[in-house]
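Residue-level structure breakdown
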Amino acid sequence: MDDEPNALSDRSRRKRRRSRPPRRHGRSRPSLTPALAALAIALVLAPQLLGGALPWAAVAVSALGVAAGAVTLWALRARLETVHVTSAGAVLALAVAWTAMQLVPLPASVAAFLAPESVEASAATADALGEGSPGWVPISRAPGETRGELLEGTALLAVFLAAYGLAWVGQRRRVAQIVAGSVLLMALVALGHALTGAERVFGLYEPRFAAPRLLAPLVNENNLAGFLVMGFPVLVTLGLDGRSEHRALWVTAAAVTGATALLTLSRGGIAALVGVGVLLTALLVLRRYRRREEGRSGSLLILGAATVAGALGLGAYVAADAILSELLEGDADKLGLLGESLEFAIAQPWVGVGRGAFSAAFVADFGATRRFVYAEHLPAQWIAEWGLPLGVTLLGVLGATLLRALTRSRSLTKLGAVVGCLGIAGHNLMDFGLELGGVALVAAALLGAGLAPEKSRLARGEPKRLPLRPMLAGAVAAGLVLTLALGPTVPGVSVRTLEDELVRTLRAEDRAGFRETLEDAVRLHPSEPSFALLAGVEASAHGDPAAPRWLNRAMALAPGWPSPRVEAARWLFAQGRRDQALLELREAGARDPGSVRSVLCDMLGDEPSAELAARAAPEGENRVAVLRIAAACARRHPEVAAAIDALILDADPTDLEAEARNVRRQLARGEHAEAARAARALLARHPADSRAQVLGAETLVASGDPAEALASLERAESGTDDLAAVLRGRARAEAAAGDVEAMRETVERLRGRAAGSARDIAAAWWLLGGLEHQLGNRGAALHAFAEAHRIQPQNARLARIAALARELGDLRRAFAAYAELCAAEPDHPRWCALKDDLLGAGGAEPRGPTGQQLLGAP
């Protein structure tokens, strides 16, 4: 059998098999090959279908899981009579049953006692639609999402029970090999995408909501890392098991998988790989080998450890800088999310918000400008969605069962499966990989293989609990019914699909279609703020008096979002209610200063006023940011912009941008002495800021003091964070001082810092051309301009070259430039007219070299 002690040698097992008499009577048992094949198809395809992240893919993953469970039930029908499931299977079945209960409509009075927020959300939605309050309300705050989660949960239960039954009848290693193959395939696909420079998954799907550093069907690199970490211990133990075939290949596969996990640069993945995948696996395997005295065990262990360590070391070396940067400089947003999500989970003590409803409910209870789809913390996610009693029970039973299996395991295959489950569970303390159906399906199979008892334990009286056959039959039957009933509808009722449809009908101005989709959306997702926001935008665009009602609903559902406030301000401003619009704009600016730009600019365009900008800016840390936006909006009104800058400096006397604009205004008015004094003060207040140093130097140069400007820039070179900007300022100062050679040397330094960047090298040549022209060196200026255009062609540069060549009397070069401009912009009449003028001015048409060659000539 698969779970016999490892000390039994291959030779003795073969002798035992030969010594068994052949069966002569009774029916032959069905082959297990179809069950293993169905499970392999499901576990290999599910992660490759984008992990089930998209609605259609989630349905496909669930269907694969249910099909695998059905085939396994048929193949094991004659062997399941004595198979019993541990308490883990019972609590998983209970979780699926409770998910179904969260969808059942209850009398409003009963639902109000169990889940008052759900009743309030349904009543508010009905009111926004102009309907009466519903008499029956489900517990879930997002019934549309809970439908999909119920289908997925049934499939996961079916796969868990199928893998459990297969492991019970001696196929644990086969199940582990299927899981290992699925994980290895994901690693190879990720590496293949990286080597080919692919930007789309399989050349078909371009990620919409992520920019992965290592592209794979699991688009989020954190999810990818967790999936690889889960399979790493399985691959290691398959390679170190003395009974496994092709042990070297399994160990090599483990090394490749671990190295790929490092290349994801996921902090959680790296921590789980080192803390669980490597250290725990090494310690437990070493303990197992020390208990045995097989002659080849020591050398096999050393070989396996060396191979894995070598590959991991290579992966760490390749990505060392990126890994270190990610670990040290990565943001701490997840730590804040962890605390808030745990607090939110504890606030749902009894029935939870509904499986799949975390995102909408979390936005309402914990307002934020960012939307979190998952808690990214497994305990918080489960407790929040299922409630404290079930969530804690599920976590406790699974944790205790895994630890018990870990400490009592005699089989390396079982050990690898248990450690793999612990690895992805540990990773999901900071990420959400198990919330993807494709990842969870593979994890469910691995959990079943890891928790099924060993034959040696069964012989000694392993406690029996629930019979597996009726549980698997029930899961398969429920899964088939749900797949047929809900499968076709789940993609259409997901939040993402409904949002896309609402946006489409909104842009097409299809009011009837928008209204129909909106009614379905808010009934299925009564706590989803994006639907109320879109309804408010649509109503506002058509002058519908329902706009305030929907926008107020969006504010209530997402109190931390600035968008409903911005749209309310836009609607109020259009209605001529300026004071109320400013109040809403101030609230939006307090949440996100950048969100007010369009409305604030419209208001300032209609009424240029510093007083209006002051009233739109919130008190506190975001006040200056909103005033900066107002100053940019009022650039066409210099007096208003200056007054707004005064407001900025009142709030923050060290604001560099406002100071700089004041200095430039003084220069524009010809107040050079005042500008120089302001520049010196600015330099003193911002000694380490390259922008301040360059601006101060430019001001001193314009005020007739290039020597002081150069001295300031020389001091700034040693401590600046932008040496290129300082060098540009220094070149201008040297040109103003008439030191041509120093100016050219500084520009040469600037080109040297470009590190091969065509854009930066061309910009340095262009700067040199302008300075040479300023100094009267028109020939040198033309050459520098031509070099800039040769390195990075631009029509604006070509126009400058043509004008300067004509000024120098180089009509052939001017003609070539205008001819190229005429060809590049045939709708621009000026270039063609200038070319024709030169052609009639005395035979300026170039002969021999092309226009581009002429432009590159010195």
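A quick note: this is a predicted structure, and the numbers were derived from the prediction, not measured. (Residues numbered from 1 in each chain as written. Predicted model: local features only at pLDDT ≥ 70, side-chain atom pairs only at ≥ 80, totals over all residues. Heavy atoms only, no water.)

Another point: the overall build of the protein chain. Across its full length, the protein chain holds 43 helices and 4 strands. A total of 858 residues make up the protein chain; the buried ones form 51% of that total. The long-range share in the protein chain, meaning contacts at least 24 apart out of those at least 6 apart in sequence, stands at 71%. Carbon and sulfur atoms provide 57% of the accessible area of the protein chain, an area that totals close to 37,500 Å². (Helix = DSSP H or I, 4+ residues; strand = E, 2+ residues; numbered from the N terminus. Buried < 20%, exposed > 50% of the residue type's maximum accessible area, 1.4 Å probe, protein only. Contact = heavy atoms within 4.5 Å. Areas by Shrake-Rupley, 256 points an atom, 1.4 Å probe, with all protein chains shown as cover.)

A word on a nonpolar patch on the surface. Together, Val110, Phe113 and Leu114 line one region of the surface with nonpolar side chains, adding up to about 300 Å² of accessible area. Position of Val110 among the secondary structure elements: in helix 5 (residues 108-114). (Patch = residues over 30% accessible without salt bridge, like charges linked within 9 Å, V, L, I, M, F, W, Y side chains within 5 Å. Salt bridge = Lys/Arg side-chain N within 4 Å of Asp/Glu carboxyl O.)

Tallying each qualifying case throughout the model produces 2 disulfides. The residue that forms a disulfide with Cys601 is Cys633, at a sulfur-sulfur distance of 1.8 Å. Taking the sign of the S-S torsion, about -60° here, the bridge from Cys601 to Cys633 comes out left-handed. Separated by 32 residues along the polypeptide, Cys601 in helix 28 (residues 597-606) and Cys633 in helix 30 (residues 623-633) bring together distant segments of the chain. In this model Cys822 forms its disulfide with Cys832; the gap between the sulfur atoms is 1.9 Å. Of note, the bridge from Cys822 to Cys832 carries an S-S torsion of about 90° and is right-handed in sense. (Disulfide = S-S within 2.5 Å.)

What follows covers the packing of helix 36 (residues 723-736) against helix 38 (residues 758-774). In the contact formed by helix 36 and helix 38, the axes pass within 10 Å of each other and the chain directions differ by 15°. One finds that helix 36 runs roughly parallel with respect to helix 38. The chirality of how helix 36 crosses helix 38 is right-handed. Side by side, helix 36 and helix 38 meet where Arg728, Ala731, Arg732, Ala735 and Ala736 of the first sit next to Leu767, Leu771 and Gln774 of the second. Taken together, the residues of the contact of helix 36 with helix 38 break down into 5 nonpolar, 1 polar and 2 charged. (Axes fitted to C-alpha atoms, helices over the stretch in contact; angles between N-to-C directions. Parallel < 35°, antiparallel > 145°, perpendicular 65-115°, else oblique. Left-handed = near helix turned anticlockwise from the far one by under 90°. Nonpolar A, V, L, I, M, F, W, Y, C, P; charged D, E, K, R; others polar.)

This part is about helix 7 (residues 143-196). For helix 7, which comprises 54 residues, the first-to-last C-alpha distance of 42 Å sits more than 12% below the rise-based estimate of 80 Å (1.5 Å per residue). The largest bend in helix 7 amounts to roughly 130° and is located at Gly170. Among the 54 residues in helix 7, 42 count as buried, and that is most of the element. At the exit of helix 7 stands Gly197, carrying a positive phi of roughly 70°. (Expected span 1.5 Å × (residues − 1). Bend = angle between axes of the 7 residues up to and from the residue.)

A few words now on the packing of aromatic side chains. Within the structure shown, the criterion is met by 7 aromatic pairs. When the ring of Phe160 is compared with that of Tyr164, the centres are 5.9 Å apart and the planes differ by 45°; the resulting orientation is tilted. Of the two residues, Phe160 and Tyr164 both sit in helix 7, 4 residues apart, roughly one turn of that helix. With relative accessibility at 1%, the residue Phe160 sits in the buried group. Between Phe358 and Phe362, the ring centres sit 5.0 Å apart and the planes meet at 15°, which makes this aromatic pair stacked. In this pair, Phe358 and Phe362 both sit in helix 14 (residues 358-365), 4 residues apart, roughly one turn of the helix. Under the relative-accessibility criterion, Phe362 is labelled buried at 2%. These aromatic residues form a ring-pair network of at least three members: Phe160, Tyr164 and Trp168. Directly above the ring of Trp765 sits Arg751, whose terminal nitrogen or CZ lies 4.1 Å from the centroid. (Phe/Tyr/Trp six-rings, centres within 6.5 Å; stacked < 30°, edge-to-face > 60°. Lys NZ or Arg CZ within 6 Å of the ring centre and 35° of its normal.)

Between helix 23 (residues 511-524) and helix 24 (residues 529-541), the least distance of the axes is 10 Å, while the angle of their chain directions is 155°. Considered as vectors, helix 23 and helix 24 are oriented roughly antiparallel to each other. In this structure, the crossing between helix 23 and helix 24 has a hand that is left-handed. Here Arg511, Phe514, Leu518, Ala521 and Val522 of helix 23 lie close against helix 24, whose contacting residues are Phe531, Leu534, Ala535 and Glu538. Here the contact of helix 23 with helix 24 is composed, by residue class, of 7 nonpolar, no polar and 2 charged.

Inspection of the secondary structure puts Gly144 in helix 7. The sequence separation of Gly144 and Val495 amounts to 351 residues, and the corresponding C-alpha distance is 7.8 Å. Ignoring sequence-local partners within four residues, the contact set of Gly144 consists of Val493, Leu524 and His525.

The pLDDT averaged across the protein chain works out to 82; a share of 84% of its residues lies at or above 70. Contacts of residues 1-27 to residues separated by more than four positions or lying in other chains number 36 contacts, the stretch itself having pLDDT below 50. The model gives residues 314-332 a pLDDT under 50, and that stretch makes 19 contacts with residues more than four places away or in other chains. (pLDDT = per-residue confidence, 0-100.)

Right, let's get into the pattern of salt bridges. Summed over all chains, the structure comprises 32 salt bridges. Between Glu131 and Arg523 there is a salt bridge whose closest N-O contact spans 2.3 Å. A residue pair is termed long-range when its members are at least 10 positions apart, and Glu131 in the loop between helix 6 (116-128) and strand 3 (136-137) and Arg523 in helix 23 qualify at 392 residues. Judged by its relative accessible area of 41%, Arg523 falls in the partly exposed class. The residue Arg669 makes a salt bridge to Glu671 at a minimum N-O spacing of 3.1 Å. A cluster of three or more residues bridged by salt bridges with shared partners is formed by Arg578, Asp579, Glu607, Glu611 and Arg615.

Enumeration according to the criterion identifies 2 cavities of 30 Å³ or more in this entry. Here the largest cavity is characterised by a volume of approximately 40 Å³. Lining of the largest cavity is provided by Thr125, Val522, His525, Pro526, Glu528, Ala532, Trp550, Arg553 and Leu557. Of all the elements, helix 25 (residues 547-557) adds the most residues to the lining of the largest cavity, at 3 residues. In this structure, the second largest cavity occupies an estimated 30 Å³ of space. Taken together, Glu376, His377, Leu378, Gln381, Asn428, Asp431, Phe432 and Glu435 make up the lining of the second largest cavity. Classifying every residue of the lining of the second largest cavity gives 2 nonpolar, 3 polar and 3 charged. (1 Å grid on protein atoms, 1.4 Å probe; cavity = no way out; pocket = protein on both sides within 12 Å on 5 of 7 lines; lining within 4 Å. Points joined across faces, edges and corners; volume = space filled by probe spheres on them.)

Attention now goes to the nonpolar core. With 108 residues, the main nonpolar core has Leu43, Phe160 and Tyr164 as its most contacted residues. Examining the composition of this core, we find that 23 residues originate from one element, helix 7, more than from any other. Leave out the neighbours within four places in its chain, and Leu43 touches Val159, Ile178, Val179, Ser182, Leu441, Val442 and Ala445. Counting residues in hydrophobic clusters, the runner-up holds 33 residues, among them Ala539, Ala547, Ala569 and Ala641. (Core = buried A, V, L, I, M, F, W, Y, C linked by side-chain atoms within 4.5 Å.)

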